[in-house]
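Geometric and topological summary
Take a look at the letters that make up each chain.
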Amino acid sequence: MNEQSTDLREAVRRRYAAAAVKVTEGAAACCGPEPVEVDDDFGSTRYPADERDALPAEAVAASLGCGNPTAVAELRAGERVLDLGSGGGIDVLLSARRVGPTGKAYGLDMTDEMLELAVANAAKAGATNVEFLKGTIEEIPLPANTVDVVISNCVINLSTDKAAVFAETFRVLRPGGRIGVSDIVSDDNLTVEQRGERGDYVGCIAGALSFAEYRAGLEAAGFTDIEITPTHPVADGMHSAVVRAVKPAGAGGGNGSGRLL
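This text gives an overview of the structure that appears in the document. Because the structure is a prediction, the values reported are computed rather than measured. (Residues numbered from 1 in each chain as written. Predicted model: local features only at pLDDT ≥ 70, side-chain atom pairs only at ≥ 80, totals over all residues. Heavy atoms only, no water.)

Once that is clear, we can look at the overall build of the chain. Counting its regular elements, the chain contains 9 helices and 8 strands. In the chain, which comprises 261 residues, the proportion classed as buried is 55%. Taking the intrachain contacts of the chain between residues at least 6 apart in sequence as the baseline, contacts between residues at least 24 apart amount to 73%. Accessible surface, the chain as shown: approximately 10,900 Å² in total, 51% of it carbon and sulfur. (Helix = DSSP H or I, 4+ residues; strand = E, 2+ residues; numbered from the N terminus. Buried < 20%, exposed > 50% of the residue type's maximum accessible area, 1.4 Å probe, protein only. Contact = heavy atoms within 4.5 Å. Areas by Shrake-Rupley, 256 points an atom, 1.4 Å probe, with all protein chains shown as cover.)

Shown next, in the form of structure tokens:
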């Protein structure tokens, strides 16, 4: 990883660590935690009220995503799900409810403060079919062919090596598995510089792929049945989008160490 990529990753880590601390400190106050994200395009407003009400307030307050991947992934009972960049755990907890006691939901995050918050939220929710892992989405600490579904909520755009993310996602999915991701995607006519003019990297804008780049990246990793559907604008020429794709039934595990922490 070059120096610029290292600096960007550290900037992302600092932002989300600060968000976790804010929620944790707010939970200890008399009035409870305040939402970290108050923009209608991001955060807990992307979830129906009944889903928010069923979760710990801290999980809802820590929501920083741009969609609701647990809904677009069409999770089913008994499935094993992995959430890339799980933050305070909102999508892991919702996934755990959808897959039920015979299924399992993994959350992967690189930020200690978010992992601590997520574990606490899982305990408050009484969720027993969840597991949180520390690591990066470019090197997922699970063996190949482990999960049925990979979800993510406005996190892949934050990676400085998206090809590695797509390859690792492909590797850990079982043959026939699928992804259901919410992410920020740009119009194809916007240059990298123009995307940077519309927002910063840690704000999920500057690092976004275009529609064509996203599709090409998934295809290069081996995915098929790719659908990228914009849901709402977040800046001029920038969109929150639902991304779906499938790992072919006859595909192998792909490359990667698969180190299990």
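Now that the structure is up, let's keep going.
In terms of burial, helix α5 (residues 90-99) is a largely internal element, 8 of the 10 residues being buried. Within α5, burial applies to Ile90, Asp91, Val92, Leu93, Leu94, Ser95, Ala96 and Val99. Of the residues one or two after α5, Gly100 is the one with positive phi, at around 75°.

Note that strand β7 (residues 224-235) and strand β8 (residues 238-246) share 8 bridges and pair antiparallel. Considered in β8, the bridge of Thr224 is made with Val246. Where β7 folds back onto β8 in an antiparallel hairpin, the turn is made up of 2 residues, including Gly237, whose phi is positive at roughly 80°. (Pairing = 2+ DSSP bridges.)

The next thing to look at is the state of the cysteines. For the structure shown, the criterion picks out 0 disulfides. With no disulfide of its own, Cys204 lies 3.6 Å from the sulfur of Cys154, the closest cysteine sulfur. Owing to a relative accessible area of 2%, Cys204 belongs among the buried residues under this scheme. (Disulfide = S-S within 2.5 Å.)

Helix α9 (residues 211-221) packs onto helix α7 (residues 162-172) with a crossing angle of 45° between their chain directions and a minimal axis gap of 9 Å. Between α7 and α9, the angle is such that the two are oblique. Judged by the twist between their axes, the crossing of α7 over α9 is right-handed. Here α7 contributes Phe166, Ala167 and Phe170 to the contact with α9, which in turn contributes Tyr214, Gly217, Leu218 and Ala221. Residue composition of the contact of α7 with α9, grouped by class: 6 nonpolar, 1 polar and no charged. (Axes fitted to C-alpha atoms, helices over the stretch in contact; angles between N-to-C directions. Parallel < 35°, antiparallel > 145°, perpendicular 65-115°, else oblique. Left-handed = near helix turned anticlockwise from the far one by under 90°. Nonpolar A, V, L, I, M, F, W, Y, C, P; charged D, E, K, R; others polar.)

Another point: the pattern of salt bridges. Across all of its chains, the model carries 9 salt bridges by this definition. Here Glu79 and Arg178 are joined by a salt bridge, their closest N and O atoms 2.9 Å apart. With Glu79 in the loop between α4 (69-72) and β1 (80-84) and Arg178 in strand β5 (residues 173-186), the pair connects residues that are 99 residues apart, well separated along the chain. Of the residues examined, Glu79 reaches a relative accessible area of 9% and is grouped as buried. Note that Asp236 and Arg198 form a salt bridge whose closest N and O atoms lie 3.3 Å from each other. With Asp236 in the loop between β7 and β8 and Arg198 in the loop between α8 (192-197) and β6 (209-210), the pair connects residues that are 38 residues apart, well separated along the chain. We classify Arg198 as partly exposed; its relative accessible area is 27%. Through salt bridges that share partners, Arg76, Glu79 and Arg178 make up one connected network. (Salt bridge = Lys/Arg side-chain N within 4 Å of Asp/Glu carboxyl O.)

Right, let's talk about the pairing of strand β2 (residues 104-109) for a bit. In terms of burial, β2 is a largely internal element, 5 of the 6 residues being buried. In terms of strand pairing, β1 meets β2 through 5 bridges, oriented parallel. Opposite Asp83, over in β2, you have Gly107 as the bridge partner. Running through α5, the crossover from β1 to the neighbouring parallel element β2 is right-handed. Bridge count between β2 and strand β3 (residues 130-134): 5 bridges; the pairing is parallel. Looking across to β3, one finds that Tyr106 is bridged to Glu131. Read from β2 through helix α6 (residues 112-125) to β3, the crossover connection turns out right-handed. (Right-handed = clockwise from strand over helix to strand, strands pointing away.)

As for its position among the elements, Pro248 is in the segment after β8. On the basis of relative accessible area, Pro248 is assigned to the partly exposed category, the value being 26%. In this structure the C-alpha to C-alpha distance between Pro248 and Pro175, which are 73 residues apart in sequence, comes to 5.8 Å. Each residue touching Pro248, except ones within four places of it in the same chain, is listed here: Phe170, Pro175, Gly176, Gly222 and Thr224.

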